Amino acid sequence: MDPQGGHYLNKAAVLSGLGAARMLQLLLGCTTMALVAHSAGFSATYGTFCMFVWCFCFAVTLVVFTLDVTRLHGCMPISWDNFTVAFAMLATLMYVTASIVYPVYFLRSECPSEGCEVRNYRIAVTVCSSVCCFTYGAEVFITRAKPGHVVGYMATVSGLLKVVQAFIACIIFGALANDSEYNRHIPTQYCVVVYSLCFAVTVVVVALTVSGRTSSLRFPFDRFVVVYTFLAVLLYLSATVIWPVFSFDKKYGSPGRPGDCPRGKCPWDSKLVIAVFTCANLVLYVTDLVYSQRIRFVSNSAA
């Protein structure tokens, strides 16, 4: 029995802004999957990826909502607040990606061979998926760190950036696997090592935080994160210089896109994607480092 009257269900999980956001996520996610399965359809690798995003996010959101309503999340051997905000950030990024990929590959202004009804369904899928991005973004906004509130690390800007950094690294890995010709030069292989090392450590940081194991470590976790972020900045800075040189310099590659390069399977396109997202991750790691230093300064001053 609950000491405050035997309420086994958590009303705040439903009658709150966070609860409303999660119920909208479930409604829009279910609608999106139903529209795709009914008539909109999907195919090839890109369509499978989009369907995976919608099914995965719906399933995890349903579990999170159920555990929160029934208060059973207290039985989970994880840091619940860190897990939910990390997942909400990841789901936001995944939904944004799917909302871009699906219309690019499946939506055209003219009616497809299946008929105009299929096009209309695909428009509805794109709209529902796009709106659902904002519901997950709203959850991140609601649960983010606020002044004067004690929250988990993943709810801070630094924690949220860790999720974005890992997600962008996954995009880089996808481009590397898409015939990027990275194994032609030792310096580009070094860049792959940089991407893999930083991704692995970032995932470990997130996993330790979500599992609630940081307090049992034999070293100061916050100091380790700051030192690692500084090293990641240096590594990504080197990759930001090396990758474009050995990909687009005329001595090693092609400065411009070859005219006979097929779209979707062009090594030059993959190299460009990697170069752009390498720069993006460098900016994220620098921002993370600056914010981490600011947090340490505030805590030291308060002490």
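Just so we're clear, the structure is a prediction, and the values are computed from it rather than from any experiment.

Here is what the cut-offs are and how they apply
Residue positions are counted from 1 within each chain, in the order its sequence is given. Local features in this predicted model are restricted to residues of pLDDT 70 or higher, and side-chain atom pairs are both shown and tallied only at a pLDDT of 80 or more, whereas totals for entire chains, interfaces and linings draw on every residue. To get the side-chain values, take all heavy atoms of the structure and skip hydrogens and water. Only DSSP runs of H or I reaching four residues or more are called helices, and only runs of E reaching two or more are called strands; each is numbered from the N terminus. Helix span is expected to be 1.5 Å times the residue number reduced by one. Note on classification: 1.4 Å probe, protein chains only; a residue is buried when its accessible area is under 20% of the maximum for its type, exposed when over 50%, partly exposed between these limits. Throughout, an axis means a line fitted to C-alpha atoms (over the contacting stretch in the case of helices), and angles, computed between N-to-C directions, take values from 0 to 180 degrees. Roughly parallel means an angle under 35 degrees; roughly antiparallel means over 145; roughly perpendicular covers 65 to 115; every other angle is labelled oblique. Crossing handedness follows the turn of the near helix against the far one: under a right angle anticlockwise gives a left-handed crossing, and clockwise gives a right-handed one. Residues were grouped as follows: Ala, Val, Leu, Ile, Met, Phe, Trp, Tyr, Cys and Pro as nonpolar; Asp, Glu, Lys and Arg as charged; and all remaining residues, including Gly, as polar. For patches, a residue must show more than 30% relative accessible area and have no salt bridge; joins then use 9 Å for like charges and 5 Å for nonpolar side chains, namely Val, Leu, Ile, Met, Phe, Trp and Tyr. Surface accessibility in these figures is a Shrake-Rupley result with a 1.4 Å probe; residues are shielded only by whichever protein chains are displayed. By salt bridge we mean one thing: a side-chain nitrogen of Lys or Arg within 4 Å of a carboxyl oxygen of Asp or Glu. We call a set of buried residues a nonpolar core when its members are Ala, Val, Leu, Ile, Met, Phe, Trp, Tyr or Cys and they connect through side-chain atoms within 4.5 Å of each other. The contact definition used throughout considers only heavy atoms, calling two residues in contact when any of these lie within 4.5 Å. UniProt positions are given in the numbering used here, feature names are shortened, and annotations may be inferred rather than shown by experiment. Put simply, two rings from Phe, Tyr or Trp (the six-membered ring, in Trp's case) pair if the centres are within 6.5 Å, and we call them stacked under 30 degrees between planes, edge-to-face over 60, tilted for the rest.

## Here's the deal with helix α5 (residues 157-177)
Now for step 1: Along its 21 residues, α5 runs 30 Å from first to last C-alpha, staying within 8% of the 30 Å computed at 1.5 Å per residue.
Now for step 2: Within α5, 15 of the 21 residues are buried, which leaves it mostly tucked inside the rest of the structure.
Now for step 3: Phi for Asp179, located one or two positions after α5, is positive at around 55°.

## Quick look at the packing of helix α3 (residues 80-106) against helix α4 (residues 116-143)
Now for step 1: One can describe the packing of α3 onto α4 by two numbers: an axis separation of 8 Å at closest approach and a directional angle of 160°. Taken as axis vectors, α3 and α4 run roughly antiparallel relative to one another. Handedness of the crossing formed by α3 with α4: left-handed.
Now for step 2: Looking at the contact of α3 with α4, its residues break down into 16 nonpolar, eight polar and two charged.

## Concerning a nonpolar patch on the surface
Now for step 1: A cluster of nonpolar residues, Tyr46, Val96, Ile100, Val104 and Tyr105, forms a patch on the protein surface that exposes about 440 Å² of accessible area.
Now for step 2: When residues of the nonpolar patch are assigned to their parent elements, the largest contribution, four residues, is made by α3.
Now for step 3: Tracing the backbone shows Ile100 in helix α3.

## Topic: the nonpolar core
Now for step 1: In this structure, Trp54, Cys57, Tyr95, Tyr195 and Tyr236 are the most contacted members of the largest nonpolar core, which totals 68 residues.
Now for step 2: Of all the secondary structure elements, the ones that give two or more residues to this core are α1 (17-40), α2 (44-70), α3, α4, α5, α6 (186-211), α7 (221-248) and α8 (267-302).
Now for step 3: Tallying contributions element by element places α3 first for this core, with 14 residues.

## A word on the side chain of Thr32
Now for step 1: Note on placement: Thr32 falls in helix α1.
Now for step 2: Residue contacts for Thr32: discarding those within four places in its chain leaves Trp54, Val125, Cys128 and Ser129.

## Some points on the UniProt feature "transmembrane region" (unreviewed entry) in the protein chain
Now for step 1: According to UniProt, the feature "transmembrane region" (unreviewed entry) maps to residues 12-37, 43-67, 79-101, 121-138, 150-177, 192-212, 224-246 and 272-291 in the numbering used here.
Now for step 2: When the span residues 43-67 is considered, its composition is 96% helix and 0% strand, and the gap between its end C-alpha atoms is 34 Å.
Now for step 3: In the segment residues 79-101, helix accounts for 96% and strand for 0%; the C-alpha atoms at its two ends are 33 Å apart.

## Comments concerning the packing of aromatic side chains
Now for step 1: Applying the stated criterion across every chain yields a total of 13 aromatic pairs.
Now for step 2: Consider the rings of Phe52 and Phe56, whose centres lie 5.6 Å apart with planes at 20°: the pair is stacked. With a gap of four residues between them, Phe52 and Phe56 both fall in helix α2, about one helical turn apart.
Now for step 3: Residue classification places Phe52 among the partly exposed positions, given a relative accessible area of 48%.
Now for step 4: Owing to a relative accessible area of 31%, Phe56 belongs among the partly exposed residues under this scheme.
Now for step 5: Here Tyr228 and Tyr285 contribute two aromatic rings whose centre-to-centre distance is 6.4 Å and whose plane-to-plane angle is 90°, an arrangement assigned as edge-to-face. In this pair, Tyr228 is assigned in helix α7 and Tyr285 in helix α8, connecting sequence segments 57 residues apart.

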